Amino acid sequence: MSETMNTEQHNETILAGLDPNIVRMYKRDDAGTLIFREAWVDAGGAEETDAAEGSEHGAFFVVNHGTVGHVSTSKEAAVNSLEEAEAMLAAFSEQCTEDGYAVLSREEQVLVVAQFALKSDKVSDRDKHLAHRAKDALTPHLAWRGSGVLEKLEFTAAGHGLGKLNIYIVAPDAARAVANIKVCIREEKLDFTKLTVATSPIDDLSALRAKHSATGGTAFSL
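Residues numbered from 1 in each chain as written. Predicted model: local features only at pLDDT ≥ 70, side-chain atom pairs only at ≥ 80, totals over all residues. Heavy atoms only, no water.

### Quick notes on the overall build of the protein chain
Of regular secondary structure, the protein chain possesses three helices and 12 strands. Buried positions account for 41% of the 222 residues belonging to the protein chain. Carbon and sulfur atoms provide 50% of the accessible area of the protein chain, an area that totals close to 12,000 Å². (Helix = DSSP H or I, 4+ residues; strand = E, 2+ residues; numbered from the N terminus. Buried < 20%, exposed > 50% of the residue type's maximum accessible area, 1.4 Å probe, protein only. Areas by Shrake-Rupley, 256 points an atom, 1.4 Å probe, with all protein chains shown as cover.)

Written as structure tokens, this is what we have:
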């Protein structure tokens, strides 16, 4: 059953900013290329214990690094406890800082909006399916390239009975994020011909300008 576009229950927060469980840091190399390192603790059920034997399940310390916009390289190491993994995470952060890497705050990044044109200003089951497929595809695609974090998605009315699906992404590099989004949506066959991608300073929605659109123009509205 369809519902009108202006009902707030369809506006879904994906992530309230960056994942606090991941240490993600950036810097520019000698050639000016933006690169990143990140690490996290994969508990792997380490907090659970075997009642019969009292043994812990394995935990892992995972390190990932690469050039922003390109598939990164990942390596994990088994650890004996979450405490050991957390100590390794702290040491990783300290080493990255010594190597010139820094955490980018939201304010130091840019806003990228991937927008799909919809056939109606009512949210259909097909529209909801598109939203979830896009979220599920874009989240890992951008994460493994260090090129953006999904912040929220929303359905809005476009006038004349039409609608829009807006996917908000916080990105360290606008051009890389736009390129990655286009590749992901095309590969996943998610209505690429209905896609527009715009960028702006992080908190200036009025400055959003299309960097990719079916018409080739720069006009953009949420």
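### Quick look at the pattern of salt bridges
Across all of its chains, the model carries five salt bridges by this definition. Here E38 ties to R24 by a salt bridge, and the two come within 2.8 Å at their closest N and O atoms. Taken as a pair, E38 in strand β4 (residues 34-42) and R24 in strand β3 (residues 22-28) lie far apart in primary sequence, 14 residues in all. The class of E38 is buried, set by a relative accessible area of 3%. Of the residues examined, R24 reaches a relative accessible area of 12% and is grouped as buried. (Salt bridge = Lys/Arg side-chain N within 4 Å of Asp/Glu carboxyl O.)

### Notes on the packing of helix α2 (residues 125-143) against helix α3 (residues 174-187)
At a closest axis distance of 10 Å, the pairing of α2 and α3 adopts a crossing angle of 135°. Relative to α3, the element α2 is oriented oblique. Two packed elements cross with a definite hand, and for α2 against α3 that hand is right-handed. In this structure, α2 contributes A137, L138, H141 and L142 to the contact, and α3 contributes A177, N180, I181, V183, C184, I185 and E187. Considered class by class, the residues forming the contact of α2 with α3 number eight nonpolar, two polar and one charged. (Axes fitted to C-alpha atoms, helices over the stretch in contact; angles between N-to-C directions. Parallel < 35°, antiparallel > 145°, perpendicular 65-115°, else oblique. Left-handed = near helix turned anticlockwise from the far one by under 90°. Contact = heavy atoms within 4.5 Å. Nonpolar A, V, L, I, M, F, W, Y, C, P; charged D, E, K, R; others polar.)

### A few points about the packing of aromatic side chains
Following the criterion strictly, the structure yields three aromatic pairs and no others. Between the aromatic rings of W40 and W144, the centroid separation amounts to 6.1 Å while the plane-to-plane angle is 65°, which identifies the pairing as edge-to-face. Of this pair, W40 sits in strand β4 while W144 sits in the loop between α2 and β9 (149-159), and the two are 104 residues apart along the sequence. By relative accessible area, W40 is classed as buried at 19%. With a centroid separation of 6.4 Å and 70° between ring planes, the pair formed by F61 and F92 is classed as edge-to-face. With a gap of 31 residues between them, F61 in strand β5 (residues 59-67) and F92 in helix α1 (residues 82-98) connect regions that are remote in the sequence. You'll find F61 and F92 in the same group, each marked buried. (Phe/Tyr/Trp six-rings, centres within 6.5 Å; stacked < 30°, edge-to-face > 60°.)

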